[in-house]
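Here are the chains, one letter per residue:
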Amino acid sequence: MPARTLTLNLFLHHVGHHEAAWRHPSTQPDRLFTPDYYVRLAQQAEAAKLDAVFFADGPVLHGGVEHNAVGTLEPILALATIAARTERIGLIATASTTYYEPYNLARLFGTLDHVSGGRAGWNIVTTSSAQASANFGLDAHPDPAVRYARAEEFLQAITRLWDSWEADAVLVDREAGRYADPTRIHPAAFEGEHLRVAGPLNLARSPQGRPVLVQAGASNAGRDFAARWAEAIFTAHQRLEDAQAFYADVKDGARRYGRDPGQVKVLPGISPFIGSTEAEARALEREFNELTVPEYGLRQLGGQAGVDLSDLELDEPVPLEIFADAGDVTNNAQSRFQVVAGIVQRERPTLRQLLHRLAGARGHRVVAGTPEQVADTITEWFTQGAADGFNVMPPALPSGLGAFTEQVVPILQQRGLFRTEYAGSTLRDHLGLDVPANRYTAARATARTSDSPVVAPVADRPRVDEVERVAEAAR
C-alpha cells in the first residue's frame, strides 16, 4: 500500500483571505473580475502539484462591499476557463442545493468534468445567507431543517442523474446505425417532498463517474449530511485537540453509514503568514491587521457567527455569556459560532483583538512563522489524526501563494508527505478516491448472479424516513 500523503488545495478568495488584503500593496484588487488573474493562480498551484483550486461562492452581494473587495466571478464558468489553460489540477466550485435545481446543476458539473478531463468537484452548501432568498423571488429564506431536507433529496436526485448513462451507453456503431444503447440510459425518476426530477440527463457519464462531492458544514446537521455524502470535508479549527475530535467524529460517522472512512478526506483551513524568522512573520501579520476596518469585521462576525457586538467598545472584553450555549466541535448547532466561542473562552480577548483574530481567515487556523514552522504545523496535524490535508488560504494573493509553494511545499516534499509529480490525471486520482460504481451497472451485475430484475438499489431511492431524520438533525 502506498504511503499516505497530504492533500493540499488552494482556496481562491478575492485577493487573499485576510480581510484587509485589498489594501496591501502586494495585491491586485483591480483584477478581481479578470479571468487571467485566476488562471495564473491556478497555474502556480499546479506547478507546485497541489491537488485542486477551490472557489467559495454565495448568491448574494454582502453589505461589506464598502470596506472590502468582495464579489467574484461565477465559479463554475471561471473553472471552465481555468480548465482550458491547465492540465492536472482539480477544480472545485461551490453551488447551493437551495438555489439550484438538480438537473441544471448535474449538467453544469458534468460538463465541467468532461471539459477538464475528470477534474471537477462540487462543494455542497445549503446557503446560510437570508438575503439570498429575495434574489430568487422567495418571500423568506428556508429554515435550516428545510434546507437540509431539500439537500438530502437533491443529492439523491443528482446522483441518479449522473448515473443515468452507464459507461457503455455510447456505442458509436456507424455500421449498425446505432449511436447509443437505450437500455443503458435510465430515467432518474426521483420524487420527494421538495424535488421531482424525471431525467435522464442529456449528457453521457463523465470521466470521474461523477464530480468529487465536497461539503463544508461542521454543525450537527452538517456533519451528519457529510458522513452520508461527502468525499472531502472542509472545516475550521484553531487547536489540534479540537481538530482531532472532529476528525474522529467524521470518520466514525462515515463508518455508521457503511462507508470506508479512508474515502472521506478531512481538510481544515490554514492561513500562513511566512517570514524568514518568526518575528518577521508576526510583523507581517500585524501589518495586515492594522489595515482592517472595524465596521467590516463587525459585519463579518454578525453574518458568520450570528453575533452582534456592535454596541461593545473596541477595547472592552467580549462577554463570555454570549457564547454560553455554543457546544463543542462534535455537538453544535452552528459551527462558526462554536469556533468564535472557543477563541473567546480561551483567550478572553477585547473586541478589537477578536476582530483581528478573525480577520486573517474568518475563524480558520492562522499560522505566523518560518517555512519550517508552517510545515511543522501541517505535519503535526496530518500525522496526529487531525487532518488528511489542508485548504491553503494565503492571507494575500498572489504573494502568499508564492511564499507557500516556493518555501513550504519543498519541505513537505523532502519529508515524503507530499507528491513531487502527479500520479494521475483526475481529481479522484489526486485524492485517492474510488470512481463510484454506476448503480444500474452494479445492479445488473448482481442480477446476473441472482436472476433479479435490474433496478436501482433500494438505498438510492427516495427515502422519506432519511429526509425526516436529516431535517430533525438540523433543528
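Residues numbered from 1 in each chain as written. Predicted model: local features only at pLDDT ≥ 70, side-chain atom pairs only at ≥ 80, totals over all residues. Heavy atoms only, no water.

1. What about the packing of aromatic side chains?
For any pair of aromatic rings, the description consists of the separation of the ring centres together with the inter-plane angle of the planes.
Item 1. All chains considered together, the criterion is met by 11 aromatic pairs.
Item 2. With a centroid separation of 6.0 Å and an interplanar angle of 50°, the aromatic rings of W381 and F390 are classed as tilted.
Item 3. A relative accessible area of 2% places W381 in the buried class.
Item 4. When its relative accessible area of 2% is taken as the criterion, F390 is described as buried.
Item 5. Taken together, the ring pairs connect F109, W122, F154 and W162 into an aromatic cluster. (Phe/Tyr/Trp six-rings, centres within 6.5 Å; stacked < 30°, edge-to-face > 60°. Buried < 20%, exposed > 50% of the residue type's maximum accessible area, 1.4 Å probe, protein only.)

2. Quick notes on the pattern of salt bridges
Item 1. All told, the structure shown has 24 salt bridges when counted by the stated rule.
Item 2. Between R150 and E101 there is a salt bridge whose closest N-O contact spans 3.3 Å. Here R150 is found in helix α4 (residues 144–162), whereas its partner E101 is found in the loop between β3 (90–96) and α3 (102–115), with 49 residues between them in sequence.
Item 3. The class of E101 is partly exposed, set by a relative accessible area of 44%.
Item 4. Across the pair R346 and D242 runs a salt bridge, and its minimum N-O distance is 3.9 Å. Taken together, the positions of R346 in helix α9 (residues 335–347) and D242 in helix α6 (residues 240–256) put the pair 104 residues apart, joining distant regions of the chain.
Item 5. According to the relative accessible area criterion, R346 is partly exposed, its value standing at 34%.
Item 6. On the accessibility criterion, D242 (16% relative accessible area) is buried. (Salt bridge = Lys/Arg side-chain N within 4 Å of Asp/Glu carboxyl O. Helix = DSSP H or I, 4+ residues; strand = E, 2+ residues; numbered from the N terminus.)

3. A few points about helix α12 (residues 399–414)
Item 1. The terminal C-alpha atoms of α12, which comprises 16 residues, lie 23 Å apart, in line with the 22 Å expected from a rise of 1.5 Å per residue.
Item 2. Taking the largest bend as the criterion, α12 deviates by roughly 35°, centred on V408, and proline P410 comes between one and four positions later.
Item 3. Listing the buried residues of α12 in full gives G400, L401, G402, A403, F404, T405, V408, V409, I411 and L412.
Item 4. The elements touched by buried residues of α12 are β1 (7–12), α1 (35–47), β11 (265–274), α11 (371–383) and β13 (389–392). (Expected span 1.5 Å × (residues − 1). Bend = angle between axes of the 7 residues up to and from the residue. Contact = heavy atoms within 4.5 Å.)

4. Quick word on a nonpolar patch on the surface
Item 1. Taken together, V170, V172 and Y179 make up a surface patch of nonpolar side chains, about 270 Å² in accessible area.
Item 2. Here V170 lies in strand β5 (residues 170–173).
Item 3. Note on V170: relative accessible area 33%, which makes it partly exposed. (Patch = residues over 30% accessible without salt bridge, like charges linked within 9 Å, V, L, I, M, F, W, Y side chains within 5 Å. Areas by Shrake-Rupley, 256 points an atom, 1.4 Å probe, with all protein chains shown as cover.)

5. As for unusual backbone geometry
Item 1. In this chain, G199 is followed by P200 through a cis amide linkage whose omega measures 0°.
Item 2. Checked against the element boundaries, P200 lands in the loop between β8 (196–197) and β9 (212–215).
Item 3. With an omega dihedral of 5°, the bond running from L397 to P398 counts as a cis peptide bond.
Item 4. In this model, A189 sits at a positive phi of 50°, which is unusual for a non-glycine residue.
Item 5. Checked against the element boundaries, A189 lands in the loop between β6 (178–180) and β7 (190–191).
Item 6. Non-glycine residue R348 carries a positive phi angle of around 50°.
Item 7. With respect to the helices, strands and loops of the structure, R348 is situated in the loop between α9 and α10 (351–359).
Item 8. With relative accessibility at 55%, the residue R348 sits in the exposed group.

6. Regarding the packing of α1 against α12
Item 1. Closest axis-to-axis distance for the α1/α12 pair is 10 Å, and the angle between their directions is 10°. Between α1 and α12, the crossing angle belongs to the class labelled roughly parallel. When the axes of α1 and α12 are compared, the crossing they make is left-handed. Along the contact surface, α1 presents L41, Q44 and A45, while α12 presents L401, G402, T405 and E406.
Item 2. The class makeup of the residues in the contact of α1 with α12 is 3 nonpolar, 3 polar and 1 charged. (Axes fitted to C-alpha atoms, helices over the stretch in contact; angles between N-to-C directions. Parallel < 35°, antiparallel > 145°, perpendicular 65-115°, else oblique. Left-handed = near helix turned anticlockwise from the far one by under 90°. Nonpolar A, V, L, I, M, F, W, Y, C, P; charged D, E, K, R; others polar.)

Read these as spatial facts, not as claims about activity.
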